[in-house]
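Next come the chains, spelled out residue by residue.
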Amino acid sequence: MVNQEDVFRKVISHAKEYGYVVQSSEIYDGLSAVYDYTQNGAELKKNIKDYWWKAMVQMHENIVGIDAAIFMHPTTWKASGHVDAFNDPLIDNKDSKKRYRADVLVEDHVAKIEAKIDKEVEKASKRFGEAFNKTEFLTTNPRVLGYQEKAQSIIKRLSRSLEAEDLEDVKNLIEELDIVCPVSGSKNWTEVKQFNLMFGTKLGASAETATDLYLRPETAQGIFVNFLNVQKSGRLKIPFGIAQIGKAFRNEIVARQFIFRMREFEQMEMQFFIKPGTQKEWYEKWKELRMKWHLSLGMGAENYRFHDHEKLAHYADAATDIEFKFPFGFKELEGIHSRTDFDLSNHEKYSGKKLQYFDPELNQNYVPYVVETSIGVDRMFLAVLSNSLKEEELENGTTRTVLKIPAVLAPTKAAVLPLVKKDGLPEVAHKIIDELKWDFNVVYDEKDAVGRRYRRQDAAGTPFCITVDHQTIENQTVTIRHRDTMEQKRIAIDSVNDTIAREVGIRNWLKKTE
Ligand code: ATP
């Protein structure tokens, strides 16, 4: 049995060693929950953003993209509800002095109960073999039913108390469930308090005239305040969407799990403006489309699931998460929210400007409803990285570390390797690079024996290695080695470009979302 904590630790150290992610300001001992993307990480991140942007903006006639500022007028955050309601309930353990999100402590407890259900299923499926019917087992086994009931009643109570802002009951729940601090092991908890997650800053030179600002905690509001500008200048007809990729900032109470929960992160959001009353249908449609996008990358259907929200945010009438199986379990990767007309109506109220759409078919004005899809670039990055890192046993008894990043997202598409550093082979290799670099990010590598170079490129996630040897000089062919299968083929230099393009070309990948 592989220890998932070890797996996660390996992902983090691999990310550093192979130029993907490091702690920010590391030489000053780092800044908590802030990370820098180094050379390969920056490429992977860019490719993830391109893959999303193309799927959203380029592939949909009725979706356009914008790039709004991080700073926004402070009233934005009154209107959006963030000043009053963007809080997390926090609790401290008096012995360890560690701070936790009270809701997360309870949810982790529930996850443990759910893990017991999974264990029962696993045991039963072994016992019954082929005759095992999982659905029947889940709906009839008394022990499983007991666990399910317990988990549901805890979640219901948590949602009820949070909604009613009954923080005392949240604390009671933690005590009743005998939840202990993972560090001190004690149940010596403080009261539960609300904590606003927005970072404040100031705009202006002198202290007297400076205006208090917030760093945006989500990119969505930059879309809402520009709704009419974009609709009018683009003559867009409902339904239509506005997409945006950009930084967001949250002063997270507990920021751990590497780039899963950061204080500065990046979001890819799309707000889809629709006729009131059609939100259910569009919400379902976007759930389906977004899941297809994820599945197109081939990271395993079994690693995704929907998790519908019981507790809805202040703006939503339906919400679900696409959860991904990270090394620390299934966790939110993307949110899909039916946001009603909450944001636009409130911006109308606070700004005194009309934010309505004239529907020529109905011959009337209305404030559109909105369905949002919102995914964290960094979480997507972590999903890709953790899913791709494999230790493989080879036939000759050795192991190799390989980063099986979907080829369309891989930072470097090919490495060109001269077999030896002489006999004109480096020159030929450089010539091949000069051809390929117009279309792909490629590298040159001549250090060490070729086997070691293959391993290095495997570990860095490069889908192809192209080796130039003496035969290349004679007949203009090279060997092309495939990262995932390790298969090697001799092909003409002329066909290298097409061979790479077939596997890394965004078109062939995006086709799978159709
Ligand atoms: P969580 O419950 O994990 O705090 P959330 O529900 O607050 O997330 P949303 O407000 O729905 O998240 O934000 C949309 C997406 O932005 C999330 O699905 C996630 O991918 C990403 N995201 C949110 N907070 C962070 C963070 N602190 N670090 C990295 N990504 C984040």
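Definitions and limits used
Residues numbered from 1 in each chain as written. Predicted model: local features only at pLDDT ≥ 70, side-chain atom pairs only at ≥ 80, totals over all residues. Heavy atoms only, no water. Pairing = 2+ DSSP bridges. Helix = DSSP H or I, 4+ residues; strand = E, 2+ residues; numbered from the N terminus. Axes fitted to C-alpha atoms, helices over the stretch in contact; angles between N-to-C directions. Contact = heavy atoms within 4.5 Å. Domains from an automatic or database assignment. Buried area = accessible area lost by both parts, 1.4 Å probe. Salt bridge = Lys/Arg side-chain N within 4 Å of Asp/Glu carboxyl O. Polar contact = N/O pair within 3.5 Å; in protein donor to acceptor, adjacent residues only side chain to side chain. Nonpolar A, V, L, I, M, F, W, Y, C, P; charged D, E, K, R; others polar. Buried < 20%, exposed > 50% of the residue type's maximum accessible area, 1.4 Å probe, protein only.

Read from one edge to the other, the open sheet built from five strands follows the order β20-β19-β21-β22-β23, with strand pairing classed as mixed. Only two strands of the sheet have a single neighbouring strand rather than two, namely β20 (442-444) and β23 (488-492). Shown here is a sheet whose adjacent strand axes are inclined to one another by a mean of 25°, direction ignored. In this sheet, strand β21 (residues 464-468) lies alongside strand β19 (residues 414-418) in parallel orientation, the contact comprising five bridges. Counted as the bridge partner of L417 is T467 from β21. Packing of helix α15 (residues 450-460) onto the sheet brings it into contact with β19, β20, β21, β22 (477-482) and β23, and relative to β19 it is tilted by some 170°.

Here the protein is described as being made up of domain 1 (43-73 + 197-391), domain 2 (87-194) and domain 3 (412-513). Every contact between the two is made by 10 residues of domain 1 and, on the other side, 14 residues of domain 2. Taking both partners together, domain 1 and domain 2 bury about 900 Å²; carbon and sulfur atoms supply 58% of that area. For the interface between domain 1 and domain 2, the tally reads zero salt bridges. Applying the counting criterion to the domain 1 and domain 2 interface returns zero residue pairs in polar contact (both at pLDDT 80 or more). Grouping the amino acids of the side of domain 1 that touches domain 2 by side-chain chemistry returns four nonpolar, no polar and six charged.

Let us now look at the environment of P411. If you trace the backbone, P411 turns up in the loop between β18 (399-403) and β19. Accessibility expressed as a relative area gives 1% for P411, which makes it buried. Distance from P411 to Y20, taken between C-alpha atoms, is 9.5 Å for residues 391 residues apart in sequence. Beyond its immediate sequence surroundings of up to four residues, P411 is in contact with Y20, N40, E43, L44, N47, I405 and N441.

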